Structure formats: C-alpha cells, structure tokens
Amino acid sequence: MLPSHARIVIVGGGIVGCSTAYHLAKLGEKDVLLLEQGKLTSGTTWHAAGLVGQMRPNRTMTQMSKYGIELYATLEAKTGLATGWKQCGSVNVARTPERMKVLRKQSALARSFGVECHEISAAAAGDKFPVMRTDDLQGALWLPGDGKANPADLCMSLAKGARQHGVKIIEGVEVTGVRVENGGVAGLRTAQGEVRCEVLVNCAGQWARQFGALAGVNVPLYSAEHFYIVTGRIEGVLPTMPVVRDADGLIYYKEEVGGLVMGGFEPKAKPWKMDPIPSTFQFELLDEDWDQFEVLMTNAMHRTPCLETAEIKMLLNGPESFTPDGNFILGEAPELRRYFVCAGFNSSGIANSGGAGRLMAEWVVAGEPGTDVWDVDIRRFGSFTGNRKALAQRTGETLGLHYAMRWPRQELETARPLRTSPLYDLLAAKGAEFGSKNGWERANYFKPPGAARPEHTLGAPGWLPWMIEEQKATREAVAVYDQTSFSKLLLQGRDALALLQRLCANEMDVPVARMVYTPMLNERGGIESDLTVMRQAADRFLIVTGSAQATRDADWIGRHILPQEHAVLTDVSAMYSVLSVMGPLARELLARVSPDDLSPQALKFSWTREIDVGYARVRAARMSYVGGAGFELYVPVEMARHVYLALMEAGQDLGPDASGLPRRVRDAGYYALDALRIEQGRRAWGAELGPDETPWEAGLSFSVKLAKASAFIGQPALRACLGRPLRKKLVSLVLSSPRAYAWGGETILLDGEPVGEIASAGYSPLAGACVALGYVRGAGANRPHAGTPAQIDLWGERVDVLLHDRWPVPVPRG
C-alpha cells in the first residue's frame, strides 16, 4: 500500500536508485520510500554489460569507483543475495604509439590515486586473454582490482540491503507529477494517490529528463541505441579471463558462460528516436541493427579471430542514456530545492552506482557534497542544454567518443555554434578558431590567412607559433581578448551587502566603483567559487565569474538569501560584452578612442569608472588576468561591435618597437590568455581552485580577511587550519626541456614518488618552455620551493621540472 508520507522519496528502481536507497538507510535515514514504475531493474539495468573498472579522469571520481568495488566485493555477505561480482582484473590494450602514451599517463595517475596498475607487454596481455591477437599491439595495462558483476543480481542485492535497513520499495507505481511549495519539493502524484515528502531523488535513468520536466527541472540526457553480442561457448575462453578493452578498436570483451560478450562504442552513434519514452518500456530491447554494429564486429574479428566462426546467440540492442559532455549528472537541481538528480551514467552505471549512491546519500543528508564533484554536478548545465535536437546530435557524438582517442584540447563539435558574442563573425573572418564553454563560442587562437587548422597531437601543437605571437603582443604591445562569455550576475537590494559579507571571505564593504577579488567558501573552508565583485552603488553589485559557473554560482548565492532578506539576483551575462585590452600599450590605445584620463592616478588598479569609447559609454576596470597592464571594458552588448572596431582602427599604428618594427593591436584568444595567466600564477576555478582546496592551500591568503567584522561561511574552518600542516600546496612548475610539451593532468614526482598532479599547463615565452600549476601533497606541501628539483610523468617519460612557490617576477602593471 502506498504511504501518504515519506521524508525521502526515490523515483527509479534501477541500480542507481537502489544504491542511493541502500546508502541513505546506512546513514540512518529511516523514512525512505523507493518507487519504481515497473519492476526493479526493468529499465536499463537488466541488460547492462556489467563491467566494473576503477580508473576515472580525476582523484575524486576514482575514489568513488574504488569504493564501489569494495562494496560489491562484500555486499553478498551482508545481504545473502549473490551479486555475480568477480575480481577478474582488466587489460587495456593499445594499437598505436599515441594510445600507449595515453595508457602510460593513466598508469602514472593510477599510482598517484592509489590504484594498482601495471604496464605489461602485448605478449603478456595475450597470456591473460589467449583468444586475442597481439602481434599489432604496442602494449597494455593490467589492473588486477577491476572486475565484473551481474547487474540484475547486484541491484537486487542492494535492494534487499536497503529493505533490511527499513527502506520501503514499491513496484508498479508511476509518478505523474511533483507538488511544489515555496520553491521546494513538497510531494508527488501517482495514479494510486499522493505522497507528501521533504526530499525527492530522481534516479529515473533514461526517463530522468522527461520526469524532471514534470517539475521544471532540466536533466540533459538522451538515449542512444547501444549494442553487444553474446556468443556460444568458444574453445580457449576460460572463466578466469579478465575484462579486455581495445579502445583503438572501440570494443570491449568479458567472459560469460564459456563464451564472450563483446560490445563497444561506434564512432557515429544512433540516437533512439523515441521521445517521450513510454513508461511501459520494461524488460524490452530494440531491433537488431547489424549495419550499425558492423564497424565494431569488424574490429572484433580482427582482435579475436575466434569470432569468425563462433555462434552468435544474439545481438543485444538496449538503449542507454548519455549526457552532453559524457559525465554523470548528480546533485540538487538549481530550479527546485530538495529535488536531487542521480542519472546520466553514459553506459557506466554498474561500475559507478555504488560510489554515486553513497555520494548522493551523503549529499541529501548533509545538504552539500563532502568533496569536489564539479565534473558531475548538475549545475554545470544551463537551461539551454535541455534542447532535444541538440541532445540527440550531441549523443551521437559523445557515445562515439567513449573509447575514441581523446586528444588534448579536442573540442566537441555538434550542436554548435549556439551562444555567440557580437564579434563572432568579425573574429571568424580574421581566422579565429573557436572552442566552446557553457555553450559560448570563444576564440582559442587566430590562424594566419590561408592556414588550415592543425591536426591534433600529444606533442607541441601546430598552433603554438601563432599563440606565441599573441602572447608577444600582450607582453610587448597590446592585444584585445573577447571575454564576453564571462558570467555576470547583478545583485541588488537593501541586504545585498550583508549577503555578500556572509558569503565572501574578503571585505566587501568597499567604496562605490571598487572591485574586490574574493573566494566564496563552503563550511569546510573549500572554495565554492572565486569572484570579482564591482560595487556599483550602496545596494548594487555586479558579480563577474567564470563562463562555466553562471548556474552554479547563482544557485549558491540564491540558496543563501534568507527569507527576511531583501536581495535580488539576476543573470545579466547576455547584456554585456567584455573586451580585455591587455599589454603595456593598452592605455595608449584607449587614449586614442577615449578622452577620459586613464592614468594610474585617475583609475587605480582594481577600480572602475564609466568612460567614453568612440560613441559608446562603457565601464572600464583597471584589471589584468594575464598580469601586467590592462583594462577590462564592460560594454552594452549592442555597442560591442562599435567599440571593438574603434579599438582596431585606432591601434593599427602604435609606433615602432625597439627594433624599429611597427607595433599594432592584435587579436588574441583563450589559449594565449590561459598560458599567460599560468605563467603569472593566476588561479582558475575548476582547475587550481575548487571545493576541496582552501585559500591557504591555494596561496590566496591575500583574499581572506579573517578579522573582518562580519562572520562568513568557512571562517571557523579556516581559523582551525591556522598553524596546522597543509594537506597540499599549489606550486608553479617550470619544465627544464624546451621540447617537452605538457597539457595538464600529468603526475608530479618528488624524490621519485607521486605527490600530486598538474592542474593547468601552457607555454611561457618568458621561460622558453612550458610552465604549469599543480598541487604537491604531503611533506612537500610544508616546505618552501624556490627551484626545487622534481619530475613529471609526461606520456610515460620522466621530465625534469623545477618547483616554485612563486614564479616569475610579476609583470609591471603600468
């Protein structure tokens, strides 16, 4: 019988919903109800392949996956229900030298993350999987802790564990609506009646998007047809054989009843043209499509010739949901309080549901996650990502990239362009090569006339000489960067200052026209965001934050506005363009288009004022993210083309340089911007900064005013850290070899031992080599660095670096 009330209701009885229920109960939640529209596992869980690996792109997600394996290995003993868990290990093979380099990078990261991983020869890989052809392989990785499970059995075991701890699970109940009161979840509607609740968790799998829409919540995922074959018994296939992934062949294998399950991720996927998905689609499959599967079958017959004569018992076509960036969707929805989402696992739900269920349960109970989950946070998506045409196109791409070679700085290509600056066409005509951030098209670099876009590479990129010219203009003359994609939030009202004082670690009660750089912290003292705030009036502040952070930061600020406070937050990102004029000749250039005094005496660093530029009125801020002299111009969007053209016309002849060569203004892109900010030690949220880093660890103590009169979130945690050893410390790294090119994510080794990873890297003309920012952990975080010898693991090779607490000498502001 359907109860009339439950504190927490979970919608969806697949493995993710059952794991969330299990972990909520383990945390002591006694009033949890799970509703499933059909039978448990009947959506996509029952037909999943069941591969379980540990390695993920970052430390947090890897720890989540490692926990899942620990759970699966012990769950049967706790519940009495078999899970089919088998720690058979996995072998990842490489056909190409480039893929082998990527595997070696993964091996180094595995060591840093605490995952057992060994590089083995192609022959050794063949010994572990005897039916595999190895004569064309470069080598392989062996991860003995990986394994496989029976998805349906695993789900039922989690469900039994949840029931044992008091969770009520009811099948055959379709939720048809969500009751909303005072901006939060208050209950839900079903054909069997209403249920009042305080918290709702959407674990509806491939139905999560259409279920979210019932409450106005955007869950951007889309289903694609997804395939694997099941063979009869094959001679030489043994139960002890590991899972094998041949990413260059786009395929995977696992042993099953003496035969093989073989599936993969074809380059151009097939979105499932079924919208909405019927609630009656239970324990169902789609029709076979051998034409779609042909590329995978061809590659598999090459890798395992036994398939040429094996009995093919079935080609399974079961839909799975995929997200626009290939990462999960977790967290509390920004549109609706106490509405959580745990979905979008991109065909890896079995491997990740154990850890994701625990993380989601902790998030629900604590009100915020206990670690950095930005890569999977639902707030990384703006509302525009729910467009179904775009989702279908992007799903066809992201599924195909699951095993494909992912090159450094490789951009997704479908559903673009979408959000564009007023300068987009002008910059495109001048050779801009664009990347995308939160839907915004942004110039990465500018090609010379007639030049083609360079091929992707693991080494020094073909665009490097062009970027160096942009850097040179920024350091020696002047460059203009279109940074319109900045997120801009306007906070107004009687209590706006009080709110900012409570949220921000820096002193926010500053004179009108002053800019303040500040972190916003969580209760642990971690950095939820870093902002630049301009005070425009006593009760009005313009908040400028990263391009990707508009939804996240607006949600964080909005959820902290107290009921009695008068403060209104508005996203004005699309109302203003930002043109950054950077370099020692920035003031001279502006003087040619503006009659206003922009000397350091008239406009000091971190101050703003309205000025004339051409025929326009803009707000000029003396600020430079790349170090040195510079101004950010905040321009009404309808005036941006005029201001840009005025700057370009005025900057065509800025006099000769020391060699007598003419100097002129130059367009510059985000690759140059990023490399120059790294050179100057400027941090970026999502790279060097995040919820797991404190200002003390990130070297941002200058932005914290512990003694300010107003208490702020995270203040007690920061005070408690004073005098204690640091867990980690941000350092600059300078590569010793000018030929070595780092991209980010490389393991840092101190005295031969892994101590952390590079967060960001770029080429520095000042160093004549790559420079980077990264965290060192342990003892290395608590000693000074002024050229400490160290190494990084660069595609499997050790490269010498020097560590610095601060490098180099800052460029003068002018």
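Everything below is about the structure shown above.
Residues numbered from 1 in each chain as written. Predicted model: local features only at pLDDT ≥ 70, side-chain atom pairs only at ≥ 80, totals over all residues. Heavy atoms only, no water.

Caption draft 1: Up close: the pairing of strand β6 (residues 139-143). The buried fraction of β6 amounts to five of the five residues, a majority that puts the element mostly inside the structure. The sheet contact formed by strand β4 (residues 90-94) and β6 spans five bridges and is antiparallel. Following the sheet pairing, V93 is matched in β6 by A140. Across three bridges, strand β5 (residues 118-120) lies against β6 in antiparallel orientation. Each residue of the ladder has a partner; that of E119, found in β6, is L141. (Buried < 20%, exposed > 50% of the residue type's maximum accessible area, 1.4 Å probe, protein only. Helix = DSSP H or I, 4+ residues; strand = E, 2+ residues; numbered from the N terminus. Pairing = 2+ DSSP bridges.)

Caption draft 2: The packing of helix α2 (residues 59-79) against helix α5 (residues 151-164), seen in detail. Running from amino to carboxyl end, α2 crosses α5 at an angle of 55 degrees, the nearest separation of the two axes being 10 Å. Relative to α5, the element α2 is oriented oblique. α2 and α5 meet at a crossing whose hand is left-handed. Every residue of α5 that contacts α2 at L71, Y72, L75, K78 and T79 is listed here: L154, S157, L158, K160, G161 and Q164. Class assignment of the residues belonging to the contact of α2 with α5 gives a composition of five nonpolar, four polar and two charged. (Axes fitted to C-alpha atoms, helices over the stretch in contact; angles between N-to-C directions. Parallel < 35°, antiparallel > 145°, perpendicular 65-115°, else oblique. Left-handed = near helix turned anticlockwise from the far one by under 90°. Contact = heavy atoms within 4.5 Å. Nonpolar A, V, L, I, M, F, W, Y, C, P; charged D, E, K, R; others polar.)

Caption draft 3: Geometry of unusual backbone geometry. Residue P276 is reached from D275 by a cis peptide bond, and omega for that bond is 0 degrees. As for its position among the elements, P276 is in the loop between β17 (270-271) and α7 (290-303). A cis amide bond links R416 with the next residue in sequence, P417, at an omega value of -5 degrees. Its place among the elements puts P417 in the loop between α9 (388-398) and α10 (424-429). Phi at S347 is positive, roughly 65 degrees, even though this residue is not glycine. Here S347 shows up in the loop between β21 (339-343) and α8 (349-366).

Caption draft 4: A look at the pattern of salt bridges. Under the defined criterion, the tally for this structure stands at 49 salt bridges. Across the pair E433 and K447 runs a salt bridge whose closest N-O atoms are separated by 2.9 Å. With E433 in strand β22 (residues 432-437) and K447 in the loop between β23 (440-446) and α11 (464-476), the pair connects residues that are 14 residues apart, well separated along the chain. In this structure, E433 and K447 share a single accessibility class: buried. We note a salt bridge from K729 to D805, for which the minimum N-O separation is 2.9 Å. Within this pair, whereas K729 is found in strand β35 (residues 728-735), its partner D805 is found in the segment after β40 (797-804), the two being separated by 76 residues in sequence. For K729, a relative accessible area of 13% puts it in the buried group. Judged by relative accessible area, which is 33%, D805 ranks as partly exposed. Each of E332, R337, D377, R379, E528, R552, D555 and R559 takes part in a single network of salt bridges with overlapping partners. (Salt bridge = Lys/Arg side-chain N within 4 Å of Asp/Glu carboxyl O.)

Caption draft 5: Molecular detail of the nonpolar core. I10, V201, L330, C342, M360 and V364 are the most contacted members of the largest nonpolar core, which totals 48 residues. Counting only elements with at least two residues in this core, the list comes to β1 (5-11), α1 (15-26), β2 (32-36), α2, α5, β11 (193-202), β21 and α8. If you tally residues by element for this core, the top one is α8, at eight residues. Here M360 is in contact with T20, V201, L330, G331, F340, V341 and C342, once residues within four sequence places are set aside. The next biggest cluster of nonpolar side chains, apart from the first, holds 46 residues, and it includes V93, F293, L307 and Y403. (Core = buried A, V, L, I, M, F, W, Y, C linked by side-chain atoms within 4.5 Å.)

Caption draft 6: Highlighting α2. The end-to-end C-alpha separation of α2 is 30 Å, in line with the 30 Å expected for 21 residues at 1.5 Å each. Along α2, the sharpest change in direction is near 35 degrees and occurs at A73. A distance of 3.2 Å separates the backbone nitrogen of T60 from a side-chain oxygen at the start of α2, and that oxygen is part of N58. Looking one or two residues past α2, G80 carries a phi angle of roughly 80 degrees, positive in sign. (Expected span 1.5 Å × (residues − 1). Bend = angle between axes of the 7 residues up to and from the residue. Polar contact = N/O pair within 3.5 Å; in protein donor to acceptor, adjacent residues only side chain to side chain.)

Caption draft 7: Structural view of the sheet that holds β35. Pairing is antiparallel in the closed barrel, where six strands are placed in the order β35-β38-β37-β36-β39-β40. Strand-to-strand twist across the sheet, computed as the mean angle between neighbouring axes with direction ignored, equals 40 degrees. In the sheet, β35 pairs with strand β38 (residues 769-777) via seven bridges, with the strands oriented antiparallel. Paired with K728 across the bridge in β38 is R777. Against the sheet, helix α16 (residues 670-679) contacts β37 (753-764) and β38, and its axis sits at roughly 125 degrees relative to β37.

Caption draft 8: Main features of the pairing of strand β15 (residues 251-256). Along β15, five of the six residues are buried, which leaves the element largely enclosed by surrounding structure. Two strands pair when backbone bridges link them, and strand β14 (residues 243-246) and β15 are joined in this way by three bridges, in the antiparallel orientation. Paired with D246 across the strands is I251, a residue of β15. Taking the residues that link successive antiparallel strands as the turn, the β14-β15 hairpin has four residues, and the phi of L250 there is positive, at about 70 degrees. By the bridge criterion, six bridges tie β15 to strand β16 (residues 259-264) in an arrangement that is antiparallel. Each bridged residue has a counterpart across the sheet, and for K254 the counterpart in β16 is V261.

Caption draft 9: View of the state of the cysteines. Throughout the structure, instances matching the rule amount to zero disulfides. A disulfide-free cysteine, C117 has its sulfur positioned 15 Å from the sulfur of C88, the nearest such atom. With no disulfide of its own, C155 lies 3.7 Å from the sulfur of C18, the closest cysteine sulfur. Exposure remark for C155: the relative accessible area of 0% places this residue in the buried category. (Disulfide = S-S within 2.5 Å.)

Caption draft 10: Fine view of the packing of aromatic side chains. For the structure shown, the criterion picks out 18 aromatic pairs. Judged by centre distance (5.8 Å) and plane angle (20 degrees), the ring pair of Y445 and W463 falls under stacked. With Y445 in strand β23 and W463 in the loop between β23 and α11, the pair connects residues that are 18 residues apart, well separated along the chain. Relative to F702, the ring of Y517 has its centre 6.1 Å away and its plane inclined at 20 degrees; by these criteria the two rings are stacked. (Phe/Tyr/Trp six-rings, centres within 6.5 Å; stacked < 30°, edge-to-face > 60°.)

Caption draft 11: Local environment of the layout of surface pockets. Reported here for the second largest pocket is a volume of approximately 600 Å³. Lining the second largest pocket we find 22 residues, and of these E469, A473, P662, R664 and R666 sit closest to its centre. Listing elements by their share of the lining of the second largest pocket, those giving two or more residues are α11 and β34 (666-668). Per-class residue counts for the lining of the second largest pocket are ten nonpolar, one polar and eleven charged. (1 Å grid on protein atoms, 1.4 Å probe; cavity = no way out; pocket = protein on both sides within 12 Å on 5 of 7 lines; lining within 4 Å. Points joined across faces, edges and corners; volume = space filled by probe spheres on them.)

Caption draft 12: Spatial organisation of α7. Helix length check: α7, at 14 residues, gives a terminal C-alpha distance of 18 Å against a target of 20 Å (1.5 Å per residue), a fit within 8%. Along α7, the sharpest kink reaches roughly 35 degrees, centred on L296. Where α7 begins, one side-chain oxygen reaches toward the backbone nitrogen of D291, 3.3 Å away; that side chain belongs to D289.

Caption draft 13: Looking closely at the sheet that holds strand β19 (residues 320-322). If you walk across this open sheet you meet the three strands as β17-β12-β19, and the pairing is antiparallel. Only two strands of the sheet have a single partner each, and these edge strands are β17 and β19. Across two bridges, strand β12 (residues 222-225) lies against β17 in antiparallel orientation. The residue of β17 that forms the bridge with A224 is P271. The strands that α9 touches are β12, β17 and β19; relative to β12, the one it contacts most, it runs at about 45 degrees.

Caption draft 14: Spatial organisation of the environment of V219. Along the chain, V219 falls in the loop between α6 (208-213) and β12. For V219 and I378, which are 159 residues apart along the polypeptide, the C-alpha to C-alpha distance reads 7.7 Å. With residues up to four places along the chain from it excluded, the contact list for V219 reads N202, A208, R209, G212, I329 and V341.

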